[in-house]
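Examination of the molecular architecture
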Amino acid sequence: MNTLTDTTRTALTRLWLPVALVIAWWVSSAESTSLYFPPLATIVEVFVRDWFGPHFTADLLPSLGKFLIGFTLAAVLGITGGMLLGMNRYTRAAAEPIVLFFRSLPGPVLVPIGIMVIGIGAGMNIFIMVLGAVWPTLMNTIDGVRSLDLVQQDMSRSYRLTLTQRIRYVVLPNAGPQIFAGLRTTLQMSIILIVVSEMVASTNGIGFYVLYSQQTFAVAETWAGTILLGVLGYLASLLFIAVERRVLAWQAGITKE
Amino acid sequence: MTTTGPTTARAPETITYTGIESSYEGTMLEVRHLKKNYGSGEKTARILADVTFDVKPGEFVCVVGPSGSGKTTLLRSIAGLQAPTSGEVIFEGETVTEPPAKMAVVFQDYSRSLLPWMTVAANVELPMRNKFDKAERARRVEDALISVGLAGKGSLYPWQMSGGMQQRAAIARGIGYQPDVLLMDEPFAAVDAQTRIELEDLVLRIRQAYNTTVLFVTHDIDEAVYLADRVIVLSGAPTSVTENIVVDLPRPRDQIETKALPRYAQIRNQVFKLIQEAKSHASVQS
Amino acid sequence: MVAADITPPAGAPAKARPGLPVLWDARATDLALGAAAVAGVLGLWEALSRTGVLDTQVFPAASTVLVELWRLLGTGVFWGDLWATLSSALTGLALVVLIGTVAAMLIGLIRFVENSTWVVVEFLKPIPPIALIPLGLLLWGPSPTMKVTLITFGALWPFLTQMVYGIRQTNNVALDMASSYRLGWWLTTTRIVVPTLLPYALTGLRISASIAVIVSVVTELIGGAEGIGQTIAVAQINNALPTMYAYILTAGLLGVGINLVFQALEKPLLFWHPSQRGDTN
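Just so it is clear, the model here is predicted, and its values are computed rather than measured. Each chain has its residues counted from 1, running along the sequence as written. Following the order in which they are written, the chains are lettered starting with A and the ligands numbered starting with 1. Confidence filtering applies because this is a predicted model: local features only for residues at pLDDT of at least 70, side-chain atom pairs given and counted only at 80 or more, and all residues used for totals across whole chains, interfaces and linings.

Digging into the overall build of chain B
The condition that has to hold: Each helix is a run of DSSP H or I of at least 4 residues and each strand a run of E of at least 2, with the numbering of both proceeding from the N terminus. Any residue surrounded by 20 or more other C-beta atoms within 10 Å of its C-beta is treated as buried, while 12 or fewer makes it exposed and the intermediate range makes it partly exposed; C-beta atoms here are placed from the backbone. Contacts here follow a simple rule: the backbone-placed C-beta atoms of the two residues must lie within 7 Å.
Within chain B one finds nine helices and ten strands. Within chain B, buried positions represent 48% of all 286 residues. A fraction of 73% describes how many contacts in chain B between residues 6 or more apart in sequence connect residues 24 or more apart.

Some remarks on unusual backbone geometry
Residues and elements named next belong to chain B. Of note, the amide linkage connecting Arg251 to Pro252 takes the cis form, showing an omega dihedral of -5°. Within the secondary structure, Pro252 sits in the loop between β10 (239–246) and α8 (257–260). Not every positive phi belongs to a glycine, and Gln178 is a case in point at roughly 60°. Notably, Glu186 is not glycine yet its phi reads approximately 40°, a positive angle. For Glu186, the position within the fold is in the loop between β7 (181–185) and α6 (193–210).

With respect to the UniProt feature "domain: ABC transporter" (unreviewed entry) in chain B
Counted only if it meets this: UniProt positions are given in the numbering used here, feature names are shortened, and annotations may be inferred rather than shown by experiment.
As recorded in UniProt, the sites labelled "domain: ABC transporter" (unreviewed entry) are residues 29–261 of chain B. Taken end to end, residues 29–261 of chain B is 32% helix and 27% strand, and its two terminal C-alpha atoms sit 31 Å from one another.

A closer look at the UniProt feature "transmembrane region" (unreviewed entry) in chain A
Mapped onto this numbering, the UniProt entry annotates "transmembrane region" (unreviewed entry) at residues 12–28, 67–88, 109–135, 191–211 and 223–243 of chain A. Taken end to end, residues 191–211 of chain A has its terminal C-alpha atoms 15 Å apart, with 76% of it in helix and 0% in strand.

Observations concerning the UniProt feature "domain: ABC transmembrane type-1" (unreviewed entry) in chain A
With numbering aligned to this structure, UniProt lists the feature "domain: ABC transmembrane type-1" (unreviewed entry) at residues 60–244 of chain A. Here residues 60–244 of chain A runs as 86% helix and 0% strand, with 25 Å between its end C-alpha atoms.

Some words on the pairing of strand β3 (residues 60–64) of chain B
The side chains of a regular strand alternate, first on one face of the sheet and then on the other. Residues and elements named next belong to chain B. Under the convention used in this document: Strands were regarded as paired on the criterion that DSSP finds at least two bridges between them.
Taken across its five residues, β3 has five buried, putting it largely inside the fold. Neither face of β3 is exposed, since Phe60, Cys62 and Val64 on one face and Val61 and Val63 on the opposite face are all buried. When β3 meets strand β8 (residues 213–218), the two strands line up parallel, connected through five bridges. Within the sheet, the bridge partner assigned to Val64 lies in β8 and is Thr218. One ladder, built from four bridges, connects β3 with strand β9 (residues 230–234); its direction is parallel. When the bridges of β9 are listed, Val63 appears paired with Ile232.

Focus on the nonpolar core
Definition in use: Each nonpolar core consists of buried Ala, Val, Leu, Ile, Met, Phe, Trp, Tyr and Cys residues. Their C-beta atoms, within 7 Å, join them into a set.
Core analysis: the biggest nonpolar cluster contains 199 residues, and A:Val196, B:Val64, B:Leu183, B:Val231 and B:Val271 have the highest contact counts within it. Per element, the largest residue contribution to this core is 16 residues, and it comes from helix α8 (residues 163–200) of chain A.

Remarks on the sheet that holds strand β6 (residues 103–106) of chain B
Residues and elements named next belong to chain B. This is how it is decided: A fitted line through C-alpha atoms serves as each axis, taken over the contacting stretch for helices, and the angle formed by two N-to-C directions is quoted from 0 to 180°.
Strand order across the open sheet formed by ten strands is β5-β4-β1-β2-β10-β9-β3-β8-β7-β6, with mixed pairing between neighbours. Sheet topology places β5 (94–95) and β6 at the edges, where each strand pairs with a single neighbour. Of the strand pairs in this sheet, β6 and β7 are connected by four bridges, and their pairing is parallel. Bridge pairing in β7 places Val105 opposite Leu183. Along the sheet face, helix α5 (residues 163–176) touches β6 and β7 and points at about 175° away from the line of β6.

Description of the interface of chain A and chain C
The condition that has to hold: For this classification, the nonpolar set comprises Ala, Val, Leu, Ile, Met, Phe, Trp, Tyr, Cys and Pro, the charged set comprises Asp, Glu, Lys and Arg, and every other residue, Gly included, is treated as polar.
With 48 residues of chain A at the interface, the matching set in chain C holds 46 residues. Mapped onto the side of chain A that touches chain C, the elements with two or more residues apiece are α1 (3–29), α4 (89–104), α5 (111–118), α8, α9 (206–215) and α10 (219–247) of chain A. For the side of chain A that touches chain C, the class distribution of residues is 35 nonpolar, eleven polar and two charged.

Describing the interface of chain B and chain A
The partner chain A presents 19 residues to the 20 residues of chain B that form the contact. For the side of chain B that touches chain A, the elements supplying multiple residues, two or more each, are β6 and α2 (110–113) of chain B. Taken together, the residues that form the side of chain B that touches chain A break down as 15 nonpolar, two polar and three charged.

Topic: the packing of α9(A) against α10(A)
Residues and elements named next belong to chain A. Keep this limit in mind: Any angle that falls under 35 degrees is termed roughly parallel, while one over 145 is termed roughly antiparallel, one within 65 to 115 roughly perpendicular, and all others oblique. By definition, any crossing whose near helix is turned counterclockwise from its far helix by less than a right angle is left-handed, and any crossing with a clockwise turn is right-handed.
Following both chains from N to C, one finds α9 and α10 inclined at 150°, their axes separated by 8 Å at the closest point. Classified by the interaxial angle, the pair formed by α9 and α10 is roughly antiparallel. As α9 packs across α10, the resulting crossing turns out to be left-handed. Residue-level inspection shows Ile206, Tyr209, Val210, Ser213 and Gln214 of α9 in contact with α10, the latter providing Glu221, Thr222, Gly225, Thr226, Leu228 and Leu229.

A look at the confidence of the model for chain B
What counts, and what does not: pLDDT expresses how confident the predictor is about each individual residue, on a scale running from 0 to 100.
In the predicted model, chain B carries a mean pLDDT of 85, and the fraction of residues at 70 or more is 90%. In the predicted complex, the global pTM is 0.82; the interface-specific ipTM is 0.82.

So, the confidence of the model for chain A
Low pLDDT marks stretches whose predicted atomic positions should not be read closely. Of the residues in chain A, 97% reach a pLDDT of 70 or more, and the chain-wide mean stands at 89. Ranking the elements of chain A by mean pLDDT puts helix α11 (residues 249–256) of chain A last, at 74, and helix α3 (residues 54–86) of chain A first, at 94.

So, the packing of helix α10 (residues 228–237) of chain C against helix α11 (residues 241–269) of chain C
Residues and elements named next belong to chain C. Across the interface, α10 lies against α11 with an axial gap of 8 Å and an inter-helix angle of 155°. One element, α10, and the other, α11, form an angle in the roughly antiparallel class. When you trace α10 past α11, the crossing you get is left-handed. Taking contact as the criterion, the partners of Ile228, Thr231, Ile232, Ala235 and Gln236 in α10 are, on α11, Thr243, Met244, Tyr247, Ile248, Thr250 and Ala251.

As for the environment of B:Arg112
Mapped onto the secondary structure, B:Arg112 falls in helix α2. Overall, the presence of 15 C-beta atoms within 10 Å leaves B:Arg112 in the partly exposed class. Along the chain, B:Arg112 and B:Ile232 lie 120 residues apart, while their C-alpha atoms are 28 Å from each other. Excluding anything up to four places from it in sequence, B:Arg112 contacts A:Asp149, A:Val151 and A:Gln152.

A look at α5(B)
Residues and elements named next belong to chain B. Keep this limit in mind: The span you would expect from a helix comes to 1.5 Å times its residue count less one.
Spanning 14 residues, α5 covers 20 Å between terminal C-alpha atoms, matching the ideal 20 Å at 1.5 Å per step. In terms of burial, α5 is a largely internal element, 13 of the 14 residues being buried. The first or second residue beyond α5 is Gln178, which carries a positive phi of 60°.

Structure follows, in structure tokens:
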């Protein structure tokens, strides 16, 4: 058996189930008159009408914009804060219980505070994302900075690396794998928070669209919005993994050797 | 880019193969009554009791001692990585309080001291960033890699290399830093016997080419006698200097010829006896 | 050897590191620092509210919130809410363990199942469970069924992924050893398969548990199912701020508590595992 047929076989075994599921959904719902399960054809039609139509600029772009700003802020704050707190034993120990508390707090419970402090709108959505999603990255960065190898510390000191050089060439890359593990959770948390905060405190965005559709019993719209959120979550995760592979290529190399 | 310390004739075109030439005249390194304890009160662990010795410019000095004799503690104190309890280390006339700019350390554990996220060239280049501009660094990295036999291997990552090659890279980083003294902490303890022999000869060649003063810590008696101009024998912990033995073997040394000399066997046996005594003494004491 | 060189003689604490005080000292200091920082934050909050820097219409004083929390601890409503949140999370988790274990065995042991489900699993995994709340509300209304379904969907993936890793691990060296020593079915299962799986299962379960709590609270917050989340939303609307903050504090402490429970579980069960052997260097 040559490798080509092998790959084709794997591809086929991987693809038959999703294809079958979609077809099954399509066929079984085709004649559906159920209020809750509209025909898939209708859902697709609504999806194309809305998301390749007016809602692309009205809801999708604002959501993406808020998400990008919020996630970037959470990541940057988490990493810099983690570096500052993690490099010193005492600040690290002092920060630990507080960080643990916020890390364990289900982020969405902060939404009511956000509404009171900032009100409804994009600023509040971003504020909630940062406040709720920064903690995993912060905590993992602290851990990553602490895990610096004793020999690497000696090396940096004996070759008289400056503080900036130590951070840039030694501490930060060493903490890289842990930082990325934290960022992954921050990413998932940001998505959750942007959706939740749009649901309850926004007048646009995908979250708003989905919850509004549900409340007005626009069932096909609810399905279409949910599918869009699923696809976006999937794409974000793919993008993240690609970036992680690139940045941490050295680590993959070590484990392979 | 700032240049720290006196500029010395170190470029390959000015290599001198005979005699001793250094930026510093007089004693290069003085270790005076070095004492180091860990902990305090009843729990005090006395590691170094009283260690005193000198290293002259251009000299190759090996420090040997039984295991547990505080060799690494001694080296970290000399390198300015930790403060002694009392006593002092004087390097080029100045008391060491922090790692000196003209001193480089080659660590025992190359797999940890080389940064796995950087290529070998970047690892060698890293400490030069505070000394030379970009073009100069590139040239010096190239030279350092050639002199350790890693020409053309700069773009590899450490983990793509064998242990011996990694330690060569660590040595290249040390000499690329242009130190007056190269401190080596059991650098070949983790490589296989064949590689070890190659690396010993490499260190001798490099020392010749760069005229670097070398302080080499090892537990291997043969290695110490083969490499050194002088062997300093340590006692067991709490450690002091037992003996200072001049190795008057001819240079250049050769793994077969030198080790076949009667004089080599004589010195080797002398060191061996001293270490055995130190060991039994230490075990009686504790 | 480095280790030999810096190991102090008998009688000295084995873990003393150069330049650092003895270890238990360091731990006590760390705990004291942490406690001081918590007290400091609470004190600062109190001071800022009292002096009016923080608007008490938005941030009531820390003492007010703590007193309210103390009062709530004596009420049945509070424990009812806590139980509503927790019981849904636990029911969801139980389903996760059940579904996850069966699915992981099928995926981990049968090549065809693994390949067939790969695309579906990889697609479903990153979907935020929150996205399904409107759909869940549409189908089941603000009921426990809706909560438990969404919790199960959201919390399944970490456990499933870890279990598949774990099952792949048991397939390796240890099983060869077992068959070469003819250990038999019972010994192989109890002495090799379970101990190998356990660390993966516990890690997965820990991550799944915190997701379960989050989803549980959010379905209450948005969907209006009974529990902590709903009370927070209601308290905010009624401007009962001390109650709202007391419940938010409770939600955080619940998360911390779940973390601690899993740490406590991992200690005795995984005493042999490298992560538990406590080389705190």
